[in-house]
Amino acid sequence: MSTQSNDRIAATLIPGDGIGPEISNAVVKILDALEAPFAWDVQQGGMAGIESSGDPLPAALLESVGRTKLALKGPLTTPVGGGFRSVNVRLREAFGLYANLRPVRTMIPGGRYEDIDIVLVRENLEGLYVAFEHFIAVGDDPRAVAISQGINTREEARRIVRFAFEYAVQHGRKKVTIVHKANVLKALTGLFLEAGREIAKEYEGRIAVDDRIVDACAMQLVLNPWQFDVIVTTNLFGDILSDQLAGLVGGLGMAPGANIGEKAAIFEAVHGSAPDIAGQGIANPLALLLAAALMLEHVQRSDLAGRLRSAILQTVQADSVRTRDIGGSASTQEFADAIIRRVLA
Ligand code: NAI
């Protein structure tokens, strides 16, 4: 199924489940109109993987991403509590996707905040998300006590903070803020802060650095988000703060993410499979589309990423065509068609 000719780049497309197939379909049509250079190898994962092959993370999917080293991924449902382990987390582990890049930028004027332009870099492999968890029984309650251990390593902390500073240098950013909870979790996040400060010294005079305790950061993001430029933080804090950032620019429908590692790069929306609206044709495809713009930049096609972003801006601003979650009434398909008209204009 996969093709690679001289001018095309083999890439894995994982439509995902829930709203995944609807938004992936819209995004691929827009990318086709843009003549993006991807040759898609379509693979099922999550609930769709279970339906097609009985496995949420089929071997064929892993083989495909291993070969193409490049994927655009729709959301994948993770059962809460029991059930299978998060396929997203397993993909990050399988391909060593240590850096999770989540940029947010205001695209729709008139919201609570204007001119937001913040990039969050989240450590993707360690912290509490290693999920070394167990229960201890007390009396007749087998789950009376829950214990979870987090792991942060100096090596990984240095690598992710370096990634954030390199990103800042390459994208003309001015400041990196290291976010932690070193006042309470002195070992787990103290080590992250210590390693971060070491790396920051290498960029002295080029990129400014400061640090914030995560709770203060959350408040400052509401009071004065414009003070932030690039934020780098541990896995759990990054997960929470990136949803908060999405809220500053109009919600989860607007927030893209990139998972970058040495063995592959996987681009996705920050939001999940939105089971409450799946199948209704009303999901906003923008987050996945903006992830595709990051993917175009990753393969050195910033020209196409720029055209795509300006088509999106014209659609939501000048044409005022939007899905419901961002104040419009367009269906997923109508919204995609409007963006395609701008791409082709
Ligand atoms: P969610 O992000 O799927 O939905 C939260 C709310 O935002 C819902 O009301 C939903 O309708 C809305 N929403 C999300 N994306 C939207 C879009 N594109 N357009 C319009 N509205 C949108 O979060 P939830 O409900 O907590 O998670 C659902 C499932 O997704 C869970 O199984 C979770 O584990 C999974 N998930 C997967 C992720 C991934 O694949 N990267 C990331 C986050 C969650």
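Every value quoted in this text rests on a predicted model; they were computed, and no experiment measured them.

1. Side note on the packing of aromatic side chains
- One pass over the structure, following the stated rule, counts 4 aromatic pairs.
- The interplanar angle of 85° and the centroid separation of 6.1 Å between the aromatic rings of Tyr 98 and Phe 163 together place this pair among those described as edge-to-face. One end of the pair, Tyr 98, is in the loop between α4 (87-94) and β4 (99-105); the other, Phe 163, is in helix α5 (residues 154-170), and 65 residues separate them in sequence. Each of the two residues, Tyr 98 as well as Phe 163, counts as buried.
- The ring of Tyr 98 carries the charged tip of Arg 159 above its face, separated from the ring centre by 3.8 Å.

2. Remarks on the domain arrangement of the protein
- Each domain of the protein was delimited in the assignment, giving domain 1 (1-96 + 263-345) and domain 2 (112-234).
- Between domain 1 and domain 2, the C-alpha centre-to-centre distance is 27 Å.
- When the two sides are added together, the surface that domain 1 and domain 2 hide from each other amounts to roughly 400 Å², 49% of it contributed by carbon and sulfur.
- The interface formed by domain 1 and domain 2 includes 0 salt bridges.
- Class assignment for the residues of the side of domain 1 that touches domain 2 results in 1 nonpolar, 1 polar and 2 charged.

3. Digging into the site of the ligand
- Close to the ligand lie 20 residues, the nearest being Leu 76, Thr 78, Gly 272, Ala 274 and Asp 276.
- In the environment of the ligand, an oxygen atom lies 2.7 Å from a nitrogen or oxygen atom belonging to the backbone of Ala 274.
- Here the ligand has 820 Å² of accessible area as a free molecule, and 69% of this is covered by the chains.
- Residue classes in the shell around the ligand are distributed as 9 nonpolar, 7 polar and 4 charged.

4. Concerning the sheet that holds strand β11 (residues 256-260)
- Reading across the sheet, the 10 strands line up as β2-β1-β3-β12-β11-β4-β5-β10-β8-β9 and stay open at both edges, with mixed pairing between neighbours. Bordering the open sheet on either side are β2 (38-42) and β9 (208-213), each of which pairs with just one other strand. Each strand of the sheet is rotated relative to its neighbour by a mean of 25°, with strand direction disregarded.
- Alignment of strand β5 (residues 117-123) against strand β10 (residues 230-233), held across 4 bridges, turns out to be parallel. Of the residues in β10, the one forming a bridge with Leu 120 is Ile 231.

5. Overview of the nonpolar core
- The biggest cluster of nonpolar side chains holds 92 residues, and the ones touching the most others in it are Leu 31 and Leu 72.
- If you tally residues by element for this core, the top one is helix α9 (residues 286-298), at 10 residues.
- Each of domain 1 (1-96 + 263-345) and domain 2 (112-234) gives at least three residues to this core.
- Aside from chain neighbours lying at most four places away, what touches Leu 31 is Ala 36, Trp 40, Leu 72, Ala 292, Leu 296 and Leu 308.

Rules behind the numbers
Residues numbered from 1 in each chain as written. Predicted model: local features only at pLDDT ≥ 70, side-chain atom pairs only at ≥ 80, totals over all residues. Heavy atoms only, no water. Phe/Tyr/Trp six-rings, centres within 6.5 Å; stacked < 30°, edge-to-face > 60°. Helix = DSSP H or I, 4+ residues; strand = E, 2+ residues; numbered from the N terminus. Buried < 20%, exposed > 50% of the residue type's maximum accessible area, 1.4 Å probe, protein only. Lys NZ or Arg CZ within 6 Å of the ring centre and 35° of its normal. Domains from an automatic or database assignment. Buried area = accessible area lost by both parts, 1.4 Å probe. Salt bridge = Lys/Arg side-chain N within 4 Å of Asp/Glu carboxyl O. Nonpolar A, V, L, I, M, F, W, Y, C, P; charged D, E, K, R; others polar. Near = heavy atom within 4 Å. Polar contact = N/O pair within 3.5 Å; in protein donor to acceptor, adjacent residues only side chain to side chain. Areas by Shrake-Rupley, 256 points an atom, 1.4 Å probe, with all protein chains shown as cover. Pairing = 2+ DSSP bridges. Axes fitted to C-alpha atoms, helices over the stretch in contact; angles between N-to-C directions. Core = buried A, V, L, I, M, F, W, Y, C linked by side-chain atoms within 4.5 Å. Contact = heavy atoms within 4.5 Å.

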